[in-house]
Amino acid sequence: MDMPLVNRRILNSRPAILDALAAVLSEGVLITNTVELKAYECDGLSAYRCPPMAVTLPRTTAEVAAILKVCHSMGVPVVPRGAGTSLAGGALPTADCVILGVSRLTRVIEINTADRFIHVETGRTNLSVTGAVESEGFFYAPDPSSQIACAIAGNIAMNSGGAHCLKYGVTTNNLLGVRMVLMDGTELTLGGPFNDSGGLDLMGVICGSEGQLAVVTEAWLRILPKPEGARPVLIGFDSNEVAGACVGDIIKAGVLPVAIEFMDRPAIVACEAFAKAGYPDCAALLIIEVEGSLAEIDDQLARIRDLAGRHAPVAYRESTSEADSARIWLGRKSAFGAMGQMGDYMCLDGTIPVSSLPLVLRRIGEMSDEFGLRVANVFHAGDGNMHPLILFDANKPGDLERCEAFGAAILTLCVEVGGCLTGEHGVGVEKRDLMSVQYNPADLEAQMSVKDVFDPSWLLNPAKVFPLSASAGRRAG
Amino acid sequence: MIRSATGPLALRGGGTRGPRVDGEILDLSGLSGISLYEPGALTVVAGAGTPLSEIEQTLAAQGQRLPFEPPDIQALLGRQGASTIGGVAAANASGPRRVQARAARDSLIGLKCVDGRGVAIKSGGRVMKNVTGLDLVKLMSGAHGTLGVLTEVAFKLLPQPETSAGLCLHGLTNTQAVSAMSAALGSPYEISGAAHLPAEKQTYVRIEGFARSVAYRLDRLKSLLAMHAAEITVADQPVERWKAIRDVAPLAGQGGDLWRLSVQPSTAPTLLAGMPDDAKVLLDWGGGLIWALIPEGCNLRARLGPISGHATLMRSASSLPVFSPEPAPIAALSAALRAKFDPKAIFNRGIMG
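Only a predicted model underlies this, so the values are computations on that prediction, with no experimental measurement involved.

### Concerning the overall build of chain A
At step 1: Assigned secondary structure in chain A consists of 18 helices and 18 strands.
At step 2: The C-alpha radius of gyration computed for chain A amounts to 23 Å, which stays within 12% of the reference 23 Å derived for 477 residues, consistent with globular compactness.
At step 3: Taking the principal axes of the C-alpha coordinates as reference, chain A spans close to 70 × 55 × 40 Å.
At step 4: For chain A, the proportion of contacts with a sequence separation of at least 24, taken over those separated by at least 6, is 72%.
At step 5: In chain A, which carries 38 positive and 55 negative side-chain charges, the distance between the mean positions of the two groups comes to 3 Å.

### Topic: the packing of helix α7 (residues 174-185) of chain B against helix α8 (residues 211-225) of chain B
Residues and elements named next belong to chain B.
At step 1: Axis separation between α7 and α8 bottoms out at 10 Å; the angle between their running directions is 140°. In terms of axis orientation, α7 runs oblique to α8. With respect to the hand of their crossing, α7 and α8 are arranged in right-handed fashion. Across the interface between the two elements, Ala-180, Ala-183 and Ala-184 of α7 pack against Leu-221, Leu-224 and Leu-225 of α8.
At step 2: Residue composition of the contact of α7 with α8, grouped by class: 6 nonpolar, no polar and no charged.

### Notes on the sheet that holds strand β8 (residues 175-181) of chain A
All names here are of chain A.
At step 1: The antiparallel open sheet is built from 5 strands, whose spatial order is β5-β6-β10-β8-β9. Both outer strands of the open sheet, β5 (108-112) and β9 (187-191), are each paired with one neighbouring strand and no more. Mean inter-strand twist for the sheet, computed between neighbouring axes without regard to direction, equals 10°.
At step 2: Where β8 lies against β9, 5 bridges are found, and the strand directions are antiparallel. What sits directly across from Met-180, in β9, is Leu-188.

### Digging into the domain arrangement of chain A
All names here are of chain A.
At step 1: What the domain assignment reports for chain A is domain 1 (8-103), domain 2 (108-225), domain 3 (230-336) and domain 4 (343-416).
At step 2: Here domain 2 and domain 3 have C-alpha centroids that lie 30 Å from each other.
At step 3: At the interface, 6 residues of domain 2 touch 8 residues of domain 3.
At step 4: Summed over both partners, the interface of domain 2 with domain 3 buries about 670 Å², with 59% contributed by carbon and sulfur atoms.

### Focus: the pattern of salt bridges
At step 1: Evaluation of the coordinates by the stated rule reveals 44 salt bridges over all chains.
At step 2: One salt bridge connects Glu190(B) with Lys167(A), and the closest N-O pair in it is separated by 3.0 Å. With Glu190(B) in the loop between α7 and β11 (191-197) and Lys167(A) in helix α7 (residues 165-168), the pair connects residues from two separate chains.
At step 3: One salt bridge connects Arg117(B) with Asp115(B), and the closest N-O pair in it is separated by 2.4 Å.
At step 4: Among the residues examined, Arg117(B) registers a relative accessible area of 41% and is labelled partly exposed.

### Let's talk about the sheet that holds strand β13 (residues 259-264) of chain A
One key point about sheets: their strands pair by backbone hydrogen bonds, in either a parallel or an antiparallel sense.
Residues and elements named next belong to chain A.
At step 1: Taken in spatial order, the 7 strands make up an open sheet running β15-β12-β14-β13-β17-β18-β16, and their pairing is antiparallel. Only two strands of the sheet have a single partner each, and these edge strands are β15 (315-318) and β16 (344-347). Taking each pair of neighbouring strands and ignoring which way they run, the sheet shows an average axis angle of 15°.
At step 2: Contacts from helix α12 (residues 322-333) reach β12 (230-237), β13, β14 (284-291), β15 and β17 (375-380) within the one sheet, and its direction differs from that of β13 by about 50°.
At step 3: On the sheet, helix α15 (residues 399-416) packs against β16, β17 and β18 (388-392) and is oriented at approximately 160° with respect to β18.

### Points about helix α2 (residues 14-24) of chain A
Residue and element names in this part refer to chain A.
At step 1: The complete set of buried residues in α2 reads Ile-17, Leu-18 and Leu-21. All buried residues of α2 lie within an arc of 95° about the axis, which places them on one face of the element. Pointing more than 90 degrees away from the buried face of α2 are the exposed residues Pro-15, Asp-19 and Ala-23.

### Re unusual backbone geometry
At step 1: With a phi angle near 45°, Asn461(A) is a residue other than glycine that sits in the positive phi range.
At step 2: When you line up the elements, Asn461(A) lands in the loop between α17 (441-454) and α18 (468-476).
At step 3: A positive phi angle is found at Asn348(B), which is not glycine, with a value near 40°.
At step 4: Relative to the helices and strands, Asn348(B) is located in the segment after α12 (328-341).

Cut-offs used in this document
Residues numbered from 1 in each chain as written. Chains lettered and ligands numbered in written order. Predicted model: local features only at pLDDT ≥ 70, side-chain atom pairs only at ≥ 80, totals over all residues. Heavy atoms only, no water. Helix = DSSP H or I, 4+ residues; strand = E, 2+ residues; numbered from the N terminus. Rg over C-alpha atoms; globule rule 2.2 N^0.38 Å. Contact = heavy atoms within 4.5 Å. Lys, Arg positive; Asp, Glu negative; His and termini not counted. Charge placed at Lys NZ, Arg CZ, Asp CG, Glu CD. Axes fitted to C-alpha atoms, helices over the stretch in contact; angles between N-to-C directions. Parallel < 35°, antiparallel > 145°, perpendicular 65-115°, else oblique. Left-handed = near helix turned anticlockwise from the far one by under 90°. Nonpolar A, V, L, I, M, F, W, Y, C, P; charged D, E, K, R; others polar. Pairing = 2+ DSSP bridges. Domains from an automatic or database assignment. Buried area = accessible area lost by both parts, 1.4 Å probe. Salt bridge = Lys/Arg side-chain N within 4 Å of Asp/Glu carboxyl O. Buried < 20%, exposed > 50% of the residue type's maximum accessible area, 1.4 Å probe, protein only. Arc of directions from axis to C-beta.

See below:
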């Protein structure tokens, strides 16, 4: 993976840039010493590292604007950062950049259950948003696996999803408004505690823009009443194809579970060894969760039981208690930790039409043999969001490159069957150069022209999202 | 046609919902037909000119539907035509179920369009989780064609519920009605509609789903709302009733300027109090959507002052802007985006910005 050459002019001006920042910031906002900078050299995609020139951790939106104004006037790239949990390198620094971290912006500004929204600063973690409204019987729906750590700012930047999107949608479907700052320091508010935009839906393009357009400091988020109840069921099958077909049947039949999670044998074995959740020994298993009133849960499960029965399941276990539910989810939720114990892995998140599940799973299995690397599949089947985990050995020369080539082949397959490169993790640096697989030059040009409008000097979050070759002319300017 | 155009073009789907603009009509009804429908993947892809009725019938045959309940406001606007799926996307047109299933733009998962230079662009696709690149789908949805001509749209779908039922609360003031609707929408009973008709002093709340569950929830909801209203009945003819609310039928066929306000629900009663005495209104989305018929020429925006929301002038003989004026930095961004996507300034000029 290439990064653009470091701009010597900026590095040479480092003392002047740091002075200019220090002059407008309160005590402790600016971090410049080498040891502390090291903590910001990577995000969740730790294969790539580069310490930034400086880090800023502002306490207010006004300070965010001040930092951006200084960097804008001095031509310094800025990398916005939430909690640094991106799996796509969305917050990877360049050596000539200033990191703008929102981790100190954690206030809850307003909770309004009558109008069903919460207004927060974006450094707050995803889970703590639900924490703030739980006692009132509400929750914030998007639930990425990293929800205990990830920040709302990053959720908005990546348009994060989670296991329950099938019913509740992703971040963009739960975002009402943002307060944000443009690269030139202009502060503005889009939307608010009401529905839709009165003009162009600028917030719609801000969400998921991976820090390319603006730095979001506050958000109005939709909160929802907690469901009456939920119950998962675990169903085992003797092949991936059959499990995939069962998913299609359930959706077609009009049952709408809140989550349909899929694990193949390598994932089941790894999770079982790690978490001992009591999963059956089978080729593929589905964890399906339904929600609602007791009557609704019973109705939905009866339908699922009937539909699954037509696919000769080798195991079927409905939860009978809270503890049982927790056990059913335990293995799935510890999947990434379990895989981590087995060695290095790369996690993809291409999305495919649900109807292509059996085909894509079969092809991934064949490619696994071709590339000589093992792969485990654990993913959100209801919405077609795959998570193939490719296992490799970082200490073995050539293994990372082979893994990356395998990953690219899988993502290309996802696009070929009508899907996309990334369903919830974002493009970042990781999938940047694959963008041209999914988009032709005109499509990319249209997206880049939006960046031209918001960030004409192309200083925000450099070298992400767009293939370096496509953005070269603009970045040089 | 776009590449050679020098003068303004008026994009036309069915001509049933968008603001009327000057210019040579670019009729999109030829871009018709469903190109892909996968019930098992809950997705449909169709030409932008496909009649909405054709889409709805095709989905209904498989027990599915568009989640956001697009309204048919022809009678309200005094128009006649066949609404198209592209028009629904371009207007981000959502009905009562928006409180539960969100807006048209939330179900719109992909599109193809042609920009003002005649260049074909695609964004999104046909899968419901897609964060690959900038989300131009959202930008185009609700842009009323001012950034590009939609040629194909992809929507995510939901199953049709087994049953639809609801309650009617009688005799509530606007304030009482909004607070009752908030209580309902804040309950776990999955309310799929909450509307208030001030003239009749009737407040409607809808629940959809499996029959047994709906019956149980209706009962629970009635208990929950007992403290808000002395008289609560089970609504008769819920399907017809909600169609009338969706299409704003109580305000159809009458004179005056037609306003549509999207607001913070709890502010609705104060806003209603600030309207002219002879205003005719309907509240949807638990108070978050106000439809108002006001005597011609009254500038409702000036009269109400700053609101937590925005006001669109849907039908008027006056020269007031259709959309709420935006703060300078937002207007500047929007204008710059239009200049990028429609550099000759030919698409649906004069309605936005």
